[in-house]
Amino acid sequence: YDAVIAPIAGGISNRKQIPNRVSYKKYQLIRVVPTDEDEVLDIEAMSEEPGVQVWMPIRLNKTADLVLPPSVARDVKRFLSQREIEFVVVSSDLERSIAKQNPKSPSLNQKSELKATKGHTMTWNRYHRYQDILDYLMYLSEHYPHLVELLPIGKTSEGRQLKVVKISSGQTKENVVKPAIWIDGGIHAREWIAPAVALYVMRQLVENKSYRKLVSEVDWYILPVVNADGYEYSHTTDRLWRKSRSVATESARTLWDTSYGCEGVDLNRNWDWHWGGVGASRDPCSDTYAGSRAFSEPETRAVSDFLLDHRDRIQVYLTLHSYSQMWLVPWSHTKKLADDYDDMMYLARQATESIQRVHGSQYQLGTSPSLLYATSGGSDDWAKGKAGIKYSYTVELPDKGVYGFLLPAEKIVPTSKEIFTGIKSIVKSIMKIN
Ligand code: ARG
Ligand code: ZN
């Protein structure tokens, strides 16, 4: 369904206007590599300019990806040239990149034809709306009732259903605890490749008979879109939206809420793990706002409750994000390594090596503080630290910064294939351990 913006109870006259659609016309994506600490500081200062977005963080001798609004693009580029800091303009008009990313959805006629012949309208050659995704889940559960069960785990802030897909077959033998794996995608709204990959994995497990053993020996729990509200918002209104879409209660609302971008919480900062610490913001208008408290959001509450209920069986927690092509292991909140870091790395290394054999893609492997930045309140750390799930990973999907979040739809299948290969390698190792 289309998002209906619910009127606030009591009505607030100065409620800010939600734009029809945010335009990124003439917004530029630039890549810049600071080669000394001064340049890091210069670029950081620049990133504070209004409207500038940091897609990849500013670190010494690493590429930072920055989005510049047209209002500052010229000055910023002049400033960089004066400082003799090299930069590359990757896209000179993000609105055009956005338009090119996703083929148009079929007409209603074509859709009903698809539905009549295939039973659903899901494809892997474009990014789909949430309703198409839900319809596909329904289709799977109706056509493969012996394999697929839908488990409603709660609702988003705007009332969308969150349904975990359980894929499993065969009887569990007595005294045998069948291992399980959890996979989620779409914690961050704009990372469209993540739900698409989760749905691909789901489809292979259900519709491809060659994976029957994987399904009979392991239970799979897949939630393709955690942040369904944000995901829809990124389709309808702001392609680069990251957070959820919750609105602070009236009493908690302050002046700053009246400017654009202050709704929602970063659902990967909202988990009860060193909540509100490093790499998380207390400013509701920030893209990394941690929320008013740990698990303030219905989405993170629903997923964490489910994980706790199944913690005795879930041995792998996998969360799909983009972009940067990395296979991240806990911890993210500290540079200290987990006691069983080597165990986690061992399986992850097997996964990234098997990924590389598919079409040569290289995924960097390590902790977030060593490869990216430290963060707190993340789902992977919580899954390991609080739910006790030993093998907990965040996969940062492609690419490494040409398209960034705007990965063209034709990359869905190749990306999904390699990630499914990586996941299979992990699951096969888990089956051996058991
Ligand atoms: N890119 C993701 C984010 O900013 C993950 C960063 C690493 N943190 C983590 N908990 N894995 O939320
Ligand atoms: Zn993310």
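Above this note sits the structure.
It should be emphasised that the depicted structure is a prediction, and the values quoted were computed from it without experimental measurement.

**Q** An account of empty space enclosed by the protein is requested, with residue identities and associated values reported.
**A** Evaluation of the coordinates by the stated rule reveals two cavities of 30 Å³ or more. Estimates place the volume of the largest cavity at around 60 Å³. Around the largest cavity, the lining is made up of 13 residues, and of these Met122, Arg126, Tyr127, His128 and Ala196 lie nearest the centre. At three residues, helix H6 (residues 193-207) tops the list of elements feeding residues into the lining of the largest cavity. Per-class residue counts for the lining of the largest cavity are ten nonpolar, two polar and one charged.

**Q** Please set out the site of ligand 1 residue by residue, giving values where relevant.
**A** Around ligand 1, the structure places 13 residues, and the nearest of them are Arg269, Ser332, Tyr373, Asp380 and Glu396. Arginine 269 has a polar side-chain atom sitting 2.8 Å from an oxygen atom of ligand 1. Within the side chain of tyrosine 373, an N or O atom sits 2.7 Å from an oxygen atom of ligand 1. Look at ligand 1: alone it shows 340 Å² of surface, and the protein chains cover 97% of it.

**Q** Lay out unusual backbone geometry in plain terms, naming residues and giving numbers.
**A** Serine 322 connects to tyrosine 323 through a cis peptide bond whose omega is 0°. The residue tyrosine 323 is located in the loop between strand S9 (314-322) and strand S10 (326-329) in this model. Put simply, proline 398 and aspartate 399 share a cis peptide bond, and its omega is 5°. Mapped onto the elements of the fold, aspartate 399 is located in the loop between strand S12 (391-397) and helix H13 (412-433). Phi is positive for glutamate 84, which is not a glycine, with a value near 55°. As for its placement among the helices and strands, glutamate 84 is situated in the loop between helix H2 (70-82) and strand S4 (87-91).

What counts as what
- Residues numbered from 1 in each chain as written.
- Chains lettered and ligands numbered in written order.
- Predicted model: local features only at pLDDT ≥ 70, side-chain atom pairs only at ≥ 80, totals over all residues.
- Heavy atoms only, no water.
- 1 Å grid on protein atoms, 1.4 Å probe; cavity = no way out; pocket = protein on both sides within 12 Å on 5 of 7 lines; lining within 4 Å.
- Points joined across faces, edges and corners; volume = space filled by probe spheres on them.
- Helix = DSSP H or I, 4+ residues; strand = E, 2+ residues; numbered from the N terminus.
- Nonpolar A, V, L, I, M, F, W, Y, C, P; charged D, E, K, R; others polar.
- Near = heavy atom within 4 Å.
- Polar contact = N/O pair within 3.5 Å; in protein donor to acceptor, adjacent residues only side chain to side chain.
- Areas by Shrake-Rupley, 256 points an atom, 1.4 Å probe, with all protein chains shown as cover.

So yeah, pure geometry; function would need other evidence.
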